[in-house]
Amino acid sequence: MIKRIGTYSPFRPSPITMFFSYIILGLWSIFVLFTIYWLVITAFKTPANVDNGPRFLPFVDYQPTLDAWRYMLIDSGDSVVRPYFNTIVIGLWSSVFALILGASTSYALTRFTYRPKWGLIGLFVLCVVLAIILVAVGIPWYMALIVALAIYFLLALTIGRRFKKALGNSDIAFWLVSQRMLPPVIVILPIYIMFQQLHLLNTHLGLIIAYTAANLPLAVWFLRDYFQTIPIELEESAFIDGATRYQVLWRIILPLSMPGLVATFLIVLVFAWNEYTMALFLTGADTQTMPLLVVAQNATRGPQWWNISVLVTMMIAPIVILAIILERYIAKGILVGAVKG
Amino acid sequence: MQAKTEIAPQSLLTQEERIANFTSRLDASARYVLLLPAVIIVLVLAIFPLLVSLYLSFSSFKFVKGGFSIDFVGLLNYAKLISGSEQRSFLGKPGAIPVLGWALLAIFVGMMIYMLYGYFRSSAFSIFGCIMRVISVVLASALAWLTLSTLAGQDGLPGALVVTLVFVIGGVTLQYFLGLGLALLLTQNLPGKRFFRVVFLLPMMITPVGIGFLFKMMTDALKGPFSPLLLAAGLGNVSFLGSGDTARIAVLIGDVWQWTPFMFIILLAALEGVSREIIEASLVDGANRLQLFRHIIFPEVIPVSTTVILIRLIEAFKIIDLPNILTGGGPGTSTTTMTLQAYIDWRSLNLGGSAAIAYLLLIIVTFSALVFVNFIRRRLLEFA
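Going along each chain's sequence as written, the residues are numbered from 1 onward. Just so you know, chain letters begin at A and ligand numbers begin at 1, following the order they were written in. Side-chain atom pairs in this predicted model are given and counted only at pLDDT of 80 or more, local residue features only at pLDDT of at least 70, and totals for whole chains, interfaces and linings cover all residues. The basis for every side-chain value is the complete set of non-hydrogen atoms in the structure, without hydrogens or water.

Draft legend 1. The arrangement of the overall build of chain A in detail. The helix and strand labels rest on DSSP assignments: H or I over at least four residues marks a helix, E over at least two residues marks a strand, and numbering proceeds from the N terminus. The number of helices and strands found in chain A is 16 helices and zero strands. The globule rule puts the C-alpha radius of gyration for 341 residues at 20 Å, and the 26 Å found for chain A is more than 25% above it. Principal-axis analysis of the C-alpha atoms places the extent of chain A at approximately 80 × 65 × 35 Å. Exposure categories follow from relative accessible area, calculated using a 1.4 Å probe and restricted to protein chains: below 20% of the type maximum is buried, above 50% is exposed, and the middle band is partly exposed. The buried share of chain A, taken over its 341 residues, is 53%. Contact criterion: two residues are considered in contact whenever any of their non-hydrogen atoms come within 4.5 Å of each other. If you take every contact in chain A between residues at least 6 apart in sequence, the share linking residues at least 24 apart comes to 75%. Accessible areas in this description were obtained via Shrake-Rupley with a 1.4 Å probe; residue shielding takes into account the shown protein chains only. Of the roughly 15,900 Å² of accessible surface on chain A, a fraction of 71% belongs to carbon and sulfur atoms. Asp and Glu are treated as the negative residues and Lys and Arg as the positive ones, with His and the ends of the chain left uncounted. Charge positions come from single atoms, namely NZ of Lys, CZ of Arg, CG of Asp or CD of Glu. Each charge class in chain A was averaged separately, 22 positive and 14 negative side chains, and the resulting centres sit 13 Å apart. C-alpha atoms define the radius of gyration in this analysis, and the globule rule sets the expected value at 2.2 Å times the number of residues to the power 0.38.

Here it is as structure tokens:
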């Protein structure tokens, strides 16, 4: 479908076209940048500068200060620094895991053929339902789990061979990617209960696991299409030289798909960095992330714009800088996924 | 371990053969080792919760002494939303539709029935397809009536369902056309292209929570940057977030601000992928710009367009952070989306009701995605 990626001009712009193009592009840039500009300058205002009507230009109509920064970062103890640290830890680790899992899944889906049988899937779902009913009746969850799994394997081994209708790789991929359609609110309550049983609530690990699962569909979606573009001949020659699957994946596929990996990593990181709903349910005071802090401050210090601006500026700065540096990769990474759908 | 392998018959093999043996066993396991972790994670953290949620939506949750109890109540939670105590906040309060509204509705339903008629006449007719289409037409007409009577009707108040639909349909439409327009402008040979690309990308990277706060500042009538303008226009005391319609517009602007970049960046990449030779050939043949766009460029970007619209459609239904911060769902419930209502219900420990809303949302998302893929997308692809 794509014949050439590169810059070209379908229309050679005449001066008038250029003039109007710049006006429209300029207006949108102002729409985008002014909002961010307002955020950043508000972070350097004193309460008086905010409350006495709008001030637009630092050094001209007001004197910027670091008061708000000092207040939020030093005077408030670690109530800001800790969520920041949490966000970094959770964001990075969950993105790394999502990338590893996404890469291995995508590789498996592009290089092996799977034929899961409809009947076995139906059986499995029935056994899960059975486990849920058992728990609802009052049996401890681990007992229910063991019983359900035992029944599943028993049935799969005995009547499993009779099932004929099977699915293919693209069905598995679609199933994985379609998890993105689930609104977080629908799955978060059971995850909350599950994490409570496993003592994962209010831990970094809990949120890392949740984000990895939420990001996996995205990673599979982008990377699968990327891996499909890598010629299989490269791998075949490696196999002849005696390499294993894992070596091929590690030494050949991953280095070749670097741009795709970078784009996927950034997109996944942005999601984990900005996510609010799951964090709200799964974290406590110690593991709070930045979006939660912003919301909490918004509720308690509603009118204190200068303080909240500091928080939001701190929060978006690393991502915005990364986005500026990696802009080219993002466009390419998203496009590969989008074109093939 | 070392000693054991010495005794085993494998010790008769040479070192290389042993490695080859091991390698082939490793390779045989690879097809499961590489795929199963992802499948298990999705099963445990998506499919299993989905089923549990279904059960929760049929039950009521109460705190009792020493823990909590979950009682099965059947369809009660859903009944409450559709016709019971929560009908007002979920479906809204219908009002008297003005004449113009009835006319619009009639045109919409007429078009639907005409499409249905076309399907009955076509050769692709099947019982299953027929039933699905009738259901789709009835549901879409009902939603259109609900939207009109709660939004435009006199004394009508939109509920979470209509608010969500407004944000989804309004937001995605605006984002698509703005994104396409900006992308078309940037396919020209303009100096400073890269600057615009980077700037246009930025909002996508900012957290929705932060954007809620940003637009809260921008729309403040007294301290916001536009307050001098409002004062000059004699609107000094008008609060932008104070009335339902303007609050919804504010949320919509915030959403457009954030997600236009997504459309823009993908459409730009797709537009730049259109082959230069075809464009030059058609220009040589004397096509004007409009023809060029209609017959050459637009058909080439339609497949990508349908995909980005589908992605945004699915994601837009989940909107929660932006209205939560910007308006808190208010004034009243005029910007409360379905996810936000589910969250509010959860906070008041109405877990069953929360799960029921979440499930209805899932049904609506799936329905919309299916309608889009089967009816709209197919039509667009044929059009291309």
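Still more ground to cover, so stick around.
Draft legend 2. Region of interest: the environment of Thr283 of chain A. All names here are of chain A. Its place among the elements puts Thr283 in the loop between helix 13 (277–282) and helix 14 (290–300). Given a relative accessible area of 13%, Thr283 falls into the buried group. Spatially, the C-alpha atom of Thr283 lies 35 Å from that of Ala48, the residues being 235 residues apart in sequence. Sequence-distant contacts of Thr283, defined by excluding residues within four places in its chain, comprise Asn202, Leu207, Gln288 and Leu292. For this analysis, a polar contact is any N or O atom pair within 3.5 Å, provided that within protein one partner can donate a hydrogen and the other can accept it, and provided that sequence-adjacent residues contribute only side-chain to side-chain pairs. At 2.6 Å, the side chain of Thr283 and the backbone oxygen of Ala279 are in polar contact.

Draft legend 3. Just helix 8 (residues 184–197) of chain A, in detail. Here the expected span of a helix is defined as 1.5 Å times the quantity of residues minus one. End to end, helix 8 of chain A covers 20 Å across 14 residues, agreeing with the expected 20 Å (1.5 Å per residue, within 8%). The angle separating two fitted axes, one through the seven residues that finish at a residue and one through the seven that start at it, defines the bend at that residue. Maximum bend of helix 8 of chain A: about 25°, positioned at Pro190 of chain A. Counting buried residues in helix 8 of chain A gives ten out of 14 residues, a clear majority hidden from the surface. Within helix 8 of chain A the residues assigned to the buried category are Pro184, Val185, Ile186, Val187, Ile188, Leu189, Pro190, Ile191, Met194 and Phe195 of chain A. Of the surrounding elements, those touching the buried residues of helix 8 of chain A are helix 9 (204–228) and helix 13 of chain A together with helix 3 (36–57), helix 16 (338–347) and helix 17 (351–383) of chain B.

Draft legend 4. Examining the pattern of salt bridges more closely. Just to be clear on terms, a salt bridge is a Lys or Arg side-chain nitrogen sitting within 4 Å of an Asp or Glu carboxyl oxygen. Inspection of the entire model under this criterion finds 13 salt bridges over all chains. The residue Arg82 of chain A makes a salt bridge to Asp286 of chain A at a minimum N-O spacing of 3.3 Å. Placement of Arg82 of chain A in helix 4 (residues 81–111) and of Asp286 of chain A in the loop between helix 13 and helix 14 is noted, with a sequence separation of 204 residues between them. Note on Asp286 of chain A: relative accessible area 44%, which makes it partly exposed. Glu272 of chain B is the salt-bridge partner of Lys193 of chain B, the closest N and O atoms lying 3.3 Å from each other. Here Lys193 of chain B is found in helix 9 (residues 193–201), whereas its partner Glu272 of chain B is found in helix 12 (residues 244–272), with 79 residues between them in sequence.

Draft legend 5. Region of interest: the packing of aromatic side chains. Any two of the Phe, Tyr and Trp rings considered here, Trp counted by its six-membered ring, make a pair once their centres fall within 6.5 Å; the pair's planes then place it as stacked at under 30 degrees, edge-to-face at over 60, or tilted in between. Considering all chains together, one arrives at 29 aromatic pairs over all chains under this definition. For the ring pair Tyr107 of chain A and Phe112 of chain A, a centre distance of 6.4 Å and an interplane angle of 90° mean the geometry is edge-to-face. An identical accessibility class is assigned to Tyr107 of chain A and Phe112 of chain A; each is buried. Ring-pair connections join several aromatic residues into one group, and the members of that group are Tyr22 of chain A together with Phe195, Phe196, Phe200 and Phe264 of chain B. A ring has a charge above it when a Lys NZ or an Arg CZ is no more than 6 Å from the ring centre and no more than 35 degrees off the ring normal. Just above the ring of Trp38 of chain A sits the side chain of Lys45 of chain A; from NZ or CZ to the centre is 4.1 Å. A cation over a ring is seen here: Lys45 of chain A above Tyr62 of chain A, with NZ or CZ 5.5 Å from the ring centre.

Draft legend 6. Here's a closer look at the interface of chain B and chain A. Every contact between the two is made by 117 residues of chain B and, on the other side, 107 residues of chain A. Buried area is calculated as the accessible area (1.4 Å probe) missing from two parts once they are joined, with the contributions of both summed. The junction of chain B with chain A conceals about 10,500 Å² of combined surface from both sides, 76% of it contributed by carbon and sulfur atoms. On inspection of chain B and its partner chain A, the count reaches three salt bridges. Along the contact surface separating chain B from chain A lie 13 residue pairs in polar contact (both at pLDDT 80 or more). Per element, the largest residue contribution to the side of chain B that touches chain A is 18 residues, and it comes from helix 3 of chain B. Three residue categories are used. Nonpolar comprises Ala, Val, Leu, Ile, Met, Phe, Trp, Tyr, Cys and Pro, charged comprises Asp, Glu, Lys and Arg, and polar comprises the others, including Gly. The class makeup of the residues in the side of chain B that touches chain A is 82 nonpolar, 18 polar and 17 charged.

Draft legend 7. Quick look at helix 11 (residues 245–256) of chain A. For helix 11 of chain A, with twelve residues, the first-to-last C-alpha span of 15 Å sits near the 16 Å given by 1.5 Å per residue. Listed in full, the buried residues belonging to helix 11 of chain A are Arg245, Val248, Leu249, Ile252, Ile253 and Leu254 of chain A.

Draft legend 8. Layout of the environment of Arg133 of chain B. All names here are of chain B. For Arg133, the location among the structural elements is in helix 7 (residues 127–152). Of the residues examined, Arg133 reaches a relative accessible area of 19% and is grouped as buried. When the C-alpha atoms of Arg133 and Gly179 are compared, they prove to be 32 Å apart, with 46 residues separating the residues in sequence. In contact with Arg133, other than residues within four places in its own chain, are Leu116, Tyr119, Phe375 and Arg378.

Draft legend 9. Examining the side chain of Arg248 of chain B more closely. All names here are of chain B. Within the secondary structure layout, Arg248 lies in helix 12. Assessed through its relative accessible area of 8%, Arg248 is described here as buried. The residues touching Arg248, leaving out its near neighbours within four places in the chain, are Leu151, Pro158, Val163, Phe167, Ser334 and Thr335.

Draft legend 10. Expanded view of unusual backbone geometry. Residue and element names in this part refer to chain A. In this structure, Phe59 is a non-glycine residue whose phi angle is positive, near 70°. Here Phe59 lies in the loop between helix 2 (47–51) and helix 3 (67–75). Its identity is not glycine, yet His199 carries a phi of approximately 60°, on the positive side. Mapped onto the fold, His199 is located in the loop between helix 8 and helix 9. On the basis of relative accessibility, which here comes to 67%, the residue His199 falls in the exposed class.

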